[in-house]
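Remarks on the overall topology
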Amino acid sequence: MTRLVRPDAVLVQAVIAGALSFAHLHDLAEAAGQTGWKAWAYPVSVDLLLVAAWHRLRTLRDAGEPSRSAWSWFAVALAASLGANIATAGLLDLGDVPDWLRILVAGWPALAFLGGTLLVHRPTSPSPPDSEPEPASVPPHVVERETEAGVQASAVAALPPSTVAAPPALIAHAQKIAVDHRTRTGSDIDTETLRTRLGVPRPLAEAIAAQLT
């Protein structure tokens, strides 16, 4: 049994409203001097800009981006459509259209082209990266040097002061530090202060301090 197709009331209403608006826009354009195919293209241009602005508006809102520009062009297209419908309601003599309205109708194609171009080619915000950048890897030779230095420092710290041999250059530098400390304070430098000034482990500082006395 063939199923009957029941028309959608909303769709029927949309078709009727669109046809009436199309006719009003056509009549106004024709009265303003846009004859022939130009009078038919005028309502198509207005309706397409209205649809394009609404589509762009929805896209920007879903993406969470600013939609002020889309709202502006939607308002322009809506004003053009609504204004044409009101103008043909008997408030305007279509046999004697004023000059300002002829100028608006004649300038509409350039305005619609600008709006459509901006709506289509409006740049969007760059999408965030999918993942965080990986931390920079440390070269193997740097890791090996740091490991060796740590091992050497630990080995020196584990030795008793009597078995730690201090380099002569380090001892000479420590003597200068000790003399400077004695000049400024009037007392001999202690092991902890010497260790801090030299930046060496405690056993090495104690071995150097023993050679200073």
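Coordinates for the structure precede this section.
Anyway, here's the lowdown on the structure attached to this text.

Thresholds applied
Going along each chain's sequence as written, the residues are numbered from 1 onward. The predicted nature of this model means local features are confined to residues of pLDDT at least 70 and side-chain atom pairs, given and counted, to a pLDDT of 80 or more, with totals for whole chains, interfaces and linings taken over all residues. The basis for the side-chain values is all heavy atoms of the structure; hydrogens and waters are excluded. Note on aromatic pairs: the rings of Phe, Tyr and Trp (six-membered ring only in Trp) are paired at centre separations within 6.5 Å, and the planes decide the class, stacked below 30 degrees, edge-to-face beyond 60, tilted for the rest. A run of H or I in DSSP counts as a helix once it spans at least four residues, and a run of E counts as a strand once it spans at least two, with each numbered from the N terminus. Buried means the residue's accessible area, taken with a 1.4 Å probe over protein chains only, is under 20% of the maximum for its type, while exposed means over 50%, and partly exposed covers the values in between. Among buried residues, those of type Ala, Val, Leu, Ile, Met, Phe, Trp, Tyr and Cys that are joined through side-chain atoms within 4.5 Å constitute a nonpolar core. Note on contacts: a residue pair qualifies if any of its non-hydrogen atoms lie within 4.5 Å across the two residues. Patch membership requires more than 30% relative accessible area and the absence of a salt bridge. Residues of like charge join within 9 Å; the nonpolar side chains Val, Leu, Ile, Met, Phe, Trp and Tyr join within 5 Å. Surface exposure here means Shrake-Rupley accessible area, sampled with a 1.4 Å probe, where a residue is shielded only by the protein chains that are shown. Salt bridges are defined by distance alone: a side-chain nitrogen of Lys or Arg within 4 Å of a carboxyl oxygen of Asp or Glu. In this analysis a 1.4 Å probe is tested at points of a 1 Å grid over the protein atoms alone, and where it fits but cannot get out there is a cavity; an open set with protein on both sides within 12 Å along at least five of seven lines is a pocket; lining residues have an atom within 4 Å of a point. Grid points are joined across faces, edges and corners, and a volume is the space filled by probe spheres set on the points. By this rule the span expected of a helix is its residue count minus one, scaled by 1.5 Å.

**A word on the packing of aromatic side chains**
For the coordinates displayed, the defined rule picks out four aromatic pairs. Measuring from ring centre to ring centre gives 6.3 Å for Tyr42 and Trp108, while their planes differ by 65 degrees; the resulting arrangement is edge-to-face. Within this pair, whereas Tyr42 is found in helix 2 (residues 37–63), its partner Trp108 is found in helix 4 (residues 99–121), the two being separated by 66 residues in sequence. Accessibility assignment for this pair places Tyr42 and Trp108 in one class, buried. Ring centres 6.0 Å apart and planes at 85 degrees place the aromatic pair Trp71 and Phe74 in the edge-to-face group. A residue pair is termed a helical-turn pair when its members lie 3 or 4 positions apart in one helix, as Trp71 and Phe74 do in helix 3 (residues 68–91) at three residues. On the basis of relative accessible area, Phe74 is assigned to the buried category, the value being 16%.

**Notes on the nonpolar core**
Judged by nonpolar contacts, the single largest core of 25 residues is most densely connected at Tyr42, Val46, Leu49, Val105, Trp108 and Leu119. Sorting the residues of this core by element identifies helix 1 (9–31), helix 2, helix 3 and helix 4 as the ones contributing at least two each. Discounting chain neighbours no more than four positions away, the residues touching Tyr42 are Leu25, Ala29, Val105 and Trp108. Among the nonpolar cores identified, the runner-up in size contains 11 residues, and Leu204, Ala205, Ile208 and Ala209 belong to it.

**Here we look at a nonpolar patch on the surface**
On the surface, Leu78, Leu82, Ile86 and Leu91 cluster together into a nonpolar patch covering about 410 Å² of accessible area. Overall, Leu78 belongs to the partly exposed group, its relative accessible area being 40%.

**Focus on the pattern of salt bridges**
Counting across every chain of the model gives three salt bridges. In this structure, Arg182 and Asp188 form a salt bridge, with 2.9 Å as the shortest nitrogen-oxygen distance. Overall, Asp188 belongs to the exposed group, its relative accessible area being 56%.

**What about the layout of surface pockets?**
Roughly 280 Å³ of volume is contained in the largest pocket. Along its surface, the largest pocket is lined by 15 residues, and Leu28, Tyr42, Ala80, Leu101 and Leu104 are the ones closest to its centre. Those elements giving two or more residues to the lining of the largest pocket turn out to be helix 3 and helix 4. For the lining of the largest pocket, the element with the highest residue contribution is helix 4, accounting for seven residues.

**A few points about helix 2**
With 27 residues, helix 2 ought to run about 39 Å at 1.5 Å a step, and its terminal C-alpha atoms sit 39 Å apart, in line with that. Taken together, the buried positions of helix 2 are Ala39, Tyr42, Pro43, Val46, Leu49, Leu50, Ala53, Arg56, Leu57 and Leu60. Phi turns positive, to about 75 degrees, at Gly64, one or two residues after helix 2.

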